[in-house]
Amino acid sequence: MSLIEQAAERLGKCRSIVILTGAGVSAESGVPTFRDALTGVWARHDPMQLATPEAFARHPRLVSRWYDERRQNVSRCAPNPGHHALADWQRVVGSRGGAFTLLTQNVDGLHQRAGSDDVVELHGSLLTWRCTKTGRERSDLPMPLPEYPMPSEEGGVYRPGIVWFGEMLPRRAQSRALSAIGVCDAVVSIGTSAVVDPAASFVTMAIDFGAVSVEVNLEPTPISERVDVSIRGRSGEVLPELVKLIVQQG
Ligand code: OAD
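Rules and cut-offs
- Residues numbered from 1 in each chain as written.
- Predicted model: local features only at pLDDT ≥ 70, side-chain atom pairs only at ≥ 80, totals over all residues.
- Heavy atoms only, no water.
- Near = heavy atom within 4 Å.
- Polar contact = N/O pair within 3.5 Å; in protein donor to acceptor, adjacent residues only side chain to side chain.
- Areas by Shrake-Rupley, 256 points an atom, 1.4 Å probe, with all protein chains shown as cover.
- Nonpolar A, V, L, I, M, F, W, Y, C, P; charged D, E, K, R; others polar.
- Phe/Tyr/Trp six-rings, centres within 6.5 Å; stacked < 30°, edge-to-face > 60°.
- Helix = DSSP H or I, 4+ residues; strand = E, 2+ residues; numbered from the N terminus.
- Buried < 20%, exposed > 50% of the residue type's maximum accessible area, 1.4 Å probe, protein only.
- Pairing = 2+ DSSP bridges.
- Contact = heavy atoms within 4.5 Å.
- Axes fitted to C-alpha atoms, helices over the stretch in contact; angles between N-to-C directions.
- Core = buried A, V, L, I, M, F, W, Y, C linked by side-chain atoms within 4.5 Å.
- Expected span 1.5 Å × (residues − 1).
- Arc of directions from axis to C-beta.

Around the ligand, 23 residues are found, and the nearest of them are F34, R35, H123, T192 and S193. With respect to the ligand, the side chain of N217 contributes an N or O atom lying 2.9 Å from an oxygen atom. If the ligand stood free it would expose 790 Å²; the protein chains cover 93% of that surface. Looking at the shell around the ligand, its residues break down into eight nonpolar, 11 polar and four charged.

This is the structure we're talking about:
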């Protein structure tokens, strides 16, 4: 039996499934990952100069422009078969009366564009910007922004709705993740290097609680040895096959 078949057999019996996705899921859509040695975002840019509240305070023009360019890039990308397979899987689990929670570290909105519902965005979104003065959020800012940083109507400026290094996860996202992890019987980690907490710790927590665990990644990660089935491959190829087998199980 192949690893994908083994994973499908175990996951098909589960009623409450938590998925954690990372940048690898969007790689086949053309969105760069973070830690790839050559093409990763953090191979070309220092996160401390761009992805912290201090960086934004020091260089608001540079930081807003960089995030706005990333926003424009993802708007030119389309969901790939991996995103679509996850949306299909959610529908199937829902129609069978089960629970399916999609936690993502991605900020590109591609899961939603593929049709996934109720996506828990642990690290915020590139598409939503927030007034520094009032906290009011807007997802309809012009693209590209006419000014960097863009002034808000209330006398502040708009910052990207991203969770920066040194910031807490959005409270609602964190509590939804913990509630789902507490009751799930399966956890699947896909396309993430599993090195950024607390997101990565959600997977190990579920494993500690006894959930069936599967990983899909191009390369080994710190959790590969801990999961029940570790599949090496592209999520855009593995997920459609995995979900097809789960659906066939009925
Ligand atoms: P990383 O760049 O750290 O890891 C991406 C993972 O995806 C790697 O392990 C790759 O091997 C794998 N991968 C690449 N292409 C793949 C494919 N087609 N199919 C399957 N796997 C593939 O990205 P994340 O784990 O998402 O946070 O990074 C976590 C967080 O660190 C990000 O959300 C971001 C970053 O700093 C913030 O900006 C707050």
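This paragraph deals with the packing of aromatic side chains. Enumeration according to the criterion identifies seven aromatic pairs in this entry. Pairing Y67 with W164 gives two aromatic rings, centres 6.1 Å apart and planes at 55 degrees, and the pair type is tilted. In this pair, Y67 is assigned in helix α6 (residues 60-75) and W164 in the loop between β6 (158-162) and α9 (171-183), connecting sequence segments 97 residues apart. For W164, a relative accessible area of 2% corresponds to the buried category. Summarising the aromatic geometry, the rings of W89 and F100 are spaced 5.4 Å apart at their centres and angled 65 degrees between planes, so their arrangement reads as edge-to-face. Taken as a pair, W89 in helix α7 (residues 81-95) and F100 in strand β2 (residues 99-104) lie far apart in primary sequence, 11 residues in all. Relative accessible area serves as the criterion here: at 11%, F100 is assigned to the buried category. Clustering of aromatic rings is evident, with ring pairs tying together F34, W42, F56, W66, Y67, W164 and F165.

Strand order in this open sheet of three strands is β5-β4-β6, and the pairing throughout is antiparallel. Each of the sheet's edge strands pairs with one partner strand only, and the pair in question is β5 (137-138) and β6. Here strand β4 (residues 124-131) pairs with β6 via five bridges, running antiparallel. Across the sheet, R130 pairs through a bridge with R159, a residue of β6. Those strands touched by α6 are β4 and β6, and its axis lies near 135 degrees from that of β4.

On to unusual backbone geometry. Most peptide bonds take the trans form, and the phi angle of most residues other than glycine is negative. A cis geometry characterises the amide bond from M143 onward to P144, with omega recorded as -5 degrees. Relative to the helices and strands, P144 resides in the loop between β5 and β6. Backbone torsion omega between Y148 and P149 reads -10 degrees, so that peptide bond is classified as cis. Positionally, P149 belongs in the loop between β5 and β6.

Let us now look at the sheet that holds strand β9 (residues 229-232). Reading across the sheet, the six strands line up as β3-β2-β1-β7-β8-β9 and stay open at both edges, with parallel pairing between neighbours. Each edge of the sheet is formed by a strand with only one pairing partner; in this case those strands are β3 (120-121) and β9. As paired elements, strand β1 (residues 16-21) and strand β7 (residues 186-190) share five bridges and run parallel to each other. Looking at β7, one finds that T21 is bridged to I190. Contacts from helix α1 (residues 3-12) reach β1, β7, β8 (212-217) and β9, with the element oriented near 140 degrees to β9. Helix α10 (residues 199-208) rests against β1, β2, β7 and β8 of the sheet, and its axis sits at about 145 degrees to β7.

Core analysis: the largest hydrophobic core is formed by 28 residues, its most contacted members being L11, I19 and W89. Put simply, the parts of the chain that give this core at least two residues each are α1, β1, α7, β2, β7, β8, β9 and α11 (235-249). Looking at this core element by element, the count peaks at five residues for α11. Those residues in contact with L11 that lie beyond four places of it in its chain are I17, W89, A186, V188, V212, V214, L242 and I246. Membership of the second largest hydrophobic core comes to 24 residues, among which are W42, F56, W129 and M150.

The next subject is α9. With 13 residues, α9 should reach 18 Å at 1.5 Å per residue; the first-to-last C-alpha distance of 19 Å fits that figure. What α9 keeps buried is the set A173, A177, A180 and I181. Looking straight down α9, one finds its buried side chains confined to an arc of 100 degrees; they lie on one side. Counted as exposed and oriented over 90 degrees from the buried face of α9: R171, R172 and V183. Those residues of α9 that are buried are in contact with β1, β2, β3 and α10.

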